[in-house]
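An overview of the molecular structure
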Amino acid sequence: MDALNRKPADLSSELSSDHDDDPTTRPTVPPARPESDPGARRAPAATPAGGDTDVIVVGAGPTGLLLAGDLAEAGIAVTLLERRDDTTSNLSRALAVHARSLEQLDARGLADELIAGGHRLPGLQVFGDGTLTAGRLHSRFPFVLITPQYAVERLLLRRARQAGVTFRYGAEVLGLTQDADGVTVRFRAAADGAGVAAGDVGSLRAGYVVGTDGARSSVRAAIGLPFPGKAVVRSVVLADVRLDRAPDSPFAVRAARDAFALVGSFGDGWYRVLGWNRHAQAPDDAPASLDEVREVTRLSFGTDFGMHDARWISRFHSDERQAPAYRVGRVFVAGDAAHVHSPAGGQGMNVGLQDAANLSWKLAAVVRGHSPDRLLDSYQEERHPVGTAVLRSSGALIRLALLRGAPARALRRLGGQFLTRLPSLSRRAIGGVSGIDVAYPAGPGAHRLVGRRAPDLRLAGGGRLYELLRQGTFVLVTPAGEIPREALREAATDRVVTACWASERRTALLVRPDGYVAWATDATAPGARAAALRSALARWTGAGSDPADASPSSAPSASSAPSTSSASSAPAAARSAGRSARR
């Protein structure tokens, strides 16, 4: 059963505790790396066997940067290809960073710095008719952060560079070929570099390739993946402007009979304006003017706020599309290369960041020889349903905005009032939009926590779970004084760290590097708990097992580990094991 359809559970209240910390029981790990040390967990990358690099990431947006940074910090050799010049400003549409994305950034030591430069909103307006209240979220970040996408990219770019990612700017991907041992990517270079002259075609070979290169993905096209869907709304204008008068909220949304508009503050005097006018439809390549942006803003808000000095204006159309598969052999797609949808709800960049967080630790585990290749199939199984759900929710919101008749608009207002006034309905809606309630398939017989997001648990000694996740490993949380050291002896310290509850809770949890529960037990008998943990560690981290020898018959069950729908790649696992040994 798809975990997205499971009834949302308040794991934060179930797993957290109000008990005082026990100073006698502390996490059995080195101190978590601070936010000021983004590269502390990096291991030196070995020279790849039989290729130029371990992984090629195509596209230097937020999804690609987070993925590449994660891989490099895990000791994987990564080359990132980007067709843009490195001096080109990436003025993009995203403005909202939701709670789950902030938790993922917190697990990388970046959240607090990003928050310091943005606006915290208590919730999201739904076209002026209702509000999704983020304050009801059980998270360290019970708000929506308004900050431009380039601020997110700036932090992720710095982290990726410090981690040792190799960047090739001005590299336009022309195609790729893959075989049983790797992938070869052909690209045209815009400037001299790495033995390729400007204008010439070069090639790079890697074990895996990930396309994070947007809605017009060259990687997706090269592997023949269709991108079915349709345009939802056309001739949307977008501009960065200054205003003489600020809106009441730093993120204001309004819908009128024939128009809707959004005005968001960057916090530095500039505002992002997005608008659509039913009576001003033009092709995407038609120039957009400041007067057009003013008009759609006046139609929606009743004022243009004294708009002037546009530094950037564009026109685009919004599609709903999703690739049927996120993996073809050794090639993956993520972010907008895998799914696109309307900007309603501000979910686009956030879903891409969470795609990257899901894939990165799995890809690192396979390349390093810790896990069989089939672990990578769980990326599709876990993230494709999330993409589908986001298409549906954002599509519903944009269609509400496009309602025309007075009766339909009255129903929209009534629905917005219900959304605002019914806490349970509002909590469910914001839980989905924010990503907090996303859960992954767990299978029959699994513990009720398996597949669900782990909140930022308080640990003995005053630490937090997401501080430990900055080490890029699994985290085992046990009752105080009951760390099963015998079962952990076979687990390398670079794969699992341990900590104890700050409370007297008896559940043992194994938390994945992306902050989801991989395994849990309420067993109290030491022998039974240790045996269950030993099995879970072998399934999820490869501890005590040989990934190259793994087969479907010895694969983990669906209740506590990924599906085994495709056979593992023995050559890839053997090659990865060799790299791991050299490290």
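Turning our eyes to something else, we now look at the overall build of the protein. Per the secondary structure count, the protein includes 15 helices and 23 strands. When contacts within the protein are restricted to residue pairs at least 6 apart in sequence, those whose partners lie at least 24 apart make up 73%. When the accessible surface of the protein is summed, it comes to about 22300 Å², and 51% of that surface belongs to carbon and sulfur atoms.

One open sheet holds the six strands; their spatial order is β13-β14-β15-β12-β16-β19, and the pairing between them is antiparallel. The outermost strands of the open sheet, each flanked by one partner alone, are β13 (251–255) and β19 (339–340). Here strand β12 (residues 229–242) runs beside strand β16 (residues 308–322); their pairing, made up of 10 bridges, is antiparallel. Within the sheet, the bridge partner assigned to Lys230 lies in β16 and is Glu320. Packed on one face of the sheet, helix α7 (residues 290–301) meets β12, β13, β14 (259–265), β15 (271–277) and β16 and runs near 105 degrees to β14.

The periodicity of an α-helix, 3.6 residues per turn, causes residues three or four places apart in sequence to face the same way. Here helix α8 (residues 348–367) spans 28 Å end to end across 20 residues, near enough to the 28 Å set by a 1.5 Å rise per residue. Following α8 by one or two positions, Gly369 adopts a phi angle in the positive range, close to 85 degrees.

This part takes up the packing of aromatic side chains. We describe a pair of aromatic rings using the distance from one ring centre to the other and the angle between the two ring planes. Scanning the model with the defined rule gives 11 aromatic pairs in all. Their ring planes at 55 degrees and their centres at 6.0 Å tell us that Tyr150 and Phe266 sit as a pair that is tilted. Here Phe266 lies in the loop between β14 and β15 and Tyr150 lies in helix α5 (residues 149–163), a separation of 116 residues in the sequence. The residues Tyr150 and Phe266 share a single accessibility class, namely buried. The interplanar angle of 45 degrees and the centroid separation of 6.3 Å between the aromatic rings of Tyr208 and Phe332 together place this pair among those described as tilted. Of this pair, Tyr208 sits in strand β11 (residues 201–211) while Phe332 sits in strand β18 (residues 331–333), placing them 124 residues apart in sequence.

Across the sheet, three strands lie side by side as β3-β7-β4; this open sheet has antiparallel pairing. Two strands bound the open sheet, and with one partner strand each, they are β3 (96–97) and β4 (119–121). Relative to strand β7 (residues 144–146), β3 runs antiparallel, the two sharing two bridges. Bridging across to β7, Ala96 finds its partner in Ile146.

Moving on, we get to the confidence of the model for the protein. Confidence in the prediction of the protein, expressed as mean pLDDT, is 82, and 77% of residues score 70 or more. Taken as a whole, residues 1–10 scores under 50 in pLDDT and shows 23 contacts with residues more than four places along the chain or in a different chain. In this model, residues 16–44 is a region of pLDDT below 50 whose contacts with residues beyond four sequence positions or in other chains number 78 contacts.

Our focus in this paragraph is helix α11 (residues 423–434). Relative to the 16 Å expected for 12 residues at 1.5 Å per residue, α11 spans 16 Å between its end C-alpha atoms, a close match to the ideal helical length. For α11, the full list of buried residues reads Ser426, Arg427, Ile430, Gly431, Val433 and Ser434. One or two steps after α11, the chain reaches Gly435, where phi turns positive at roughly 85 degrees.

A few words on the packing of helix α2 (residues 62–73) against α5. Running from amino to carboxyl end, α2 crosses α5 at an angle of 25 degrees, the nearest separation of the two axes being 8 Å. Put simply, α2 runs roughly parallel to α5. Remark: the crossing between α2 and α5 carries left-handed chirality. In contact with Pro62, Leu65, Leu66, Gly69, Asp70, Ala72 and Glu73 of α2, α5 contributes Gln149, Glu153, Leu156, Leu157, Arg159, Ala160 and Ala163.

This brings us to the environment of Val144. Within the secondary structure, Val144 sits in strand β7. Sequence spacing of Val144 and Val97 is 47 residues, and the spatial spacing of their C-alpha atoms is 6.1 Å. Once you skip the residues sitting within four places of it in the chain, Val144 turns out to touch Ala96, Val97, His98, His119, Arg120, Leu121, Gly123, Leu124 and Ala134.

On to the nonpolar core. Membership of the largest hydrophobic core comes to 90 residues, with the highest contact counts inside it found for Val55, Leu114 and Leu510. When residues of this core are assigned to their parent elements, the largest contribution, 11 residues, is made by α8. If we skip the residues at most four places from it in the chain, Leu114 touches Val97, Leu102, Leu105, Leu145, Thr147, Ala151, Val152 and Leu155. Counting residues in each nonpolar core, the second largest holds 27 residues, with Leu124, Tyr150, Val433 and Ile436 among its members.

For the rest of this paragraph, the subject is the pattern of salt bridges. A complete count under the given rule lists 30 salt bridges for this structure. For the salt bridge of Asp179 with Arg205, the shortest nitrogen-to-oxygen distance reads 2.8 Å. A residue pair is termed long-range when its members are at least 10 positions apart, and Asp179 in the loop between β9 (171–178) and β10 (183–189) and Arg205 in strand β11 qualify at 26 residues. Between Asp291 and Arg294 there is a salt bridge; the shortest N-O distance is 2.8 Å.

It is worth spelling out the environment of Ser424 at this point. Here Ser424 lies in helix α11. Note: C-alpha distance between Ser424 and Arg136 (288 residues apart in sequence) is 9.5 Å.

Within β10, five of the seven residues are buried, which leaves it mostly tucked inside the rest of the structure. Bridge count for β9 against β10 is seven bridges, and the pairing is antiparallel. Its bridge partner being in β10, Ala171 is matched across the sheet by Ala189. Joining the antiparallel neighbours β9 and β10 is a turn of four residues. Bridging between β10 and β11 involves six bridges; their strand directions are antiparallel. Residue pairing in the sheet places Thr184 in a bridge with Arg205 of β11.

Quick look at the environment of Ala365 now. One can find Ala365 in helix α8. Here Ala365 falls in the buried class, since its relative accessible area comes to 11%. Once the C-alpha coordinates of Ala365 and Arg495 are considered, the two residues, 130 residues apart in sequence, prove to be 9.0 Å apart. Leaving out residues up to four positions away in the same chain, Ala365 has contacts with His370, Ser371 and Leu375.

Before going further, it helps to spend a moment on unusual backbone geometry. Of note, Phe305 is a non-glycine position whose phi angle comes to about 60 degrees, a positive value. The phi dihedral of Asp309 is positive, around 50 degrees, even though this residue is not glycine. Using a relative accessible area of 48% as the deciding quantity, one classes Asp309 as partly exposed.

Each value, and the rule that gives it
Residues numbered from 1 in each chain as written. Predicted model: local features only at pLDDT ≥ 70, side-chain atom pairs only at ≥ 80, totals over all residues. Heavy atoms only, no water. Helix = DSSP H or I, 4+ residues; strand = E, 2+ residues; numbered from the N terminus. Contact = heavy atoms within 4.5 Å. Areas by Shrake-Rupley, 256 points an atom, 1.4 Å probe, with all protein chains shown as cover. Pairing = 2+ DSSP bridges. Axes fitted to C-alpha atoms, helices over the stretch in contact; angles between N-to-C directions. Expected span 1.5 Å × (residues − 1). Phe/Tyr/Trp six-rings, centres within 6.5 Å; stacked < 30°, edge-to-face > 60°. Buried < 20%, exposed > 50% of the residue type's maximum accessible area, 1.4 Å probe, protein only. pLDDT = per-residue confidence, 0-100. Parallel < 35°, antiparallel > 145°, perpendicular 65-115°, else oblique. Left-handed = near helix turned anticlockwise from the far one by under 90°. Core = buried A, V, L, I, M, F, W, Y, C linked by side-chain atoms within 4.5 Å. Salt bridge = Lys/Arg side-chain N within 4 Å of Asp/Glu carboxyl O.

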